[in-house]
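A look at the structure
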Amino acid sequence: MRRLGEILLDRGAIAISELHTGLEACHHRGGRLGTQLLKFGFVDEHALLDALSEQLGVPPVTATVLQRAPNPLRRMIPLEAALRLQVMVFDRSDGVLNVAMTNPRNPAVIEEVMGFVGLDIKPHVATEIGILKALK
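Below you will find a few notes about this structure. Quantities reported herein were computed from a predicted structural model and do not represent experimental measurements.

Focus: the overall build of the protein
Tallying secondary structure elements over the protein gives 9 helices and 3 strands in all. Taken over the C-alpha atoms alone, the protein extends approximately 45 × 25 × 25 Å along its principal axes. Counting every position in the protein, which comprises 136 residues, the buried fraction comes to 46%. Across the protein, contacts joining residues at least 24 apart in sequence account for 56% of those joining residues at least 6 apart. For the protein, the exposed surface amounts to about 7300 Å²; the carbon and sulfur share of it is 51%.

What follows is the structure, encoded as structure tokens:
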């Protein structure tokens, strides 16, 4: 799997100096590279989501879409668990729940989410900022 920084550099979405600043922030403060790059304003949400989607092989979902999610879907996962896992149900179609996740390839997270919702899910990648904002 290609690294997020490499994808963003290849696409011209960030400069090498911005990548180094983001990585340094991750080293000192912890957290995700994408979140740091967003906080510094080095990359916008769409560019980051496109790169994450390419890296992880799942569709992206924006913060705007998450903000419009119906409350009954948002409440399918208890808030404490949703915050801990950084996940949120945002849509339902054909008996499958669309779930925004910061780590959509983590089998343990997927299994835990399925335990809460009791239905099949389709993971989508979202930014940490987008999910946390929508959950508040």
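Still more to cover.
Brief notes about the pairing of strand β3 (residues 120-125)
Sheet analysis places strand β2 (residues 96-101) next to β3, joined by 6 bridges and oriented parallel. Looking across to β3, one finds that V96 is bridged to D120.

Some details on the side chain of T62
Looking at the secondary structure, you find T62 in the loop between α4 (45-56) and α5 (63-67). Assessed through its relative accessible area of 17%, T62 is described here as buried. When sequence neighbours within four positions are dropped, the list of residues in contact with T62 reads E45, H46 and L49.

So, the sheet that holds β2
Strand order in the open sheet formed by 3 strands is β1-β2-β3, and the pairing between neighbours is mixed. For this open sheet the edge positions go to β1 (87-93) and β3, each flanked by a neighbour on one side alone. Shown here is a sheet whose adjacent strand axes are inclined to one another by a mean of 30°, direction ignored. Bridging between β1 and β2 involves 6 bridges; their strand directions are antiparallel. Following the sheet pairing, D91 is matched in β2 by N98. Contacting β1, β2 and β3, helix α8 (residues 107-117) runs over the sheet at an angle of about 130° to β3. Contacting β1 and β2, helix α9 (residues 128-135) crosses the sheet at an angle of about 80° to β1.

About the criteria used
- Residues numbered from 1 in each chain as written.
- Predicted model: local features only at pLDDT ≥ 70, side-chain atom pairs only at ≥ 80, totals over all residues.
- Heavy atoms only, no water.
- Helix = DSSP H or I, 4+ residues; strand = E, 2+ residues; numbered from the N terminus.
- Buried < 20%, exposed > 50% of the residue type's maximum accessible area, 1.4 Å probe, protein only.
- Contact = heavy atoms within 4.5 Å.
- Areas by Shrake-Rupley, 256 points an atom, 1.4 Å probe, with all protein chains shown as cover.
- Pairing = 2+ DSSP bridges.
- Axes fitted to C-alpha atoms, helices over the stretch in contact; angles between N-to-C directions.

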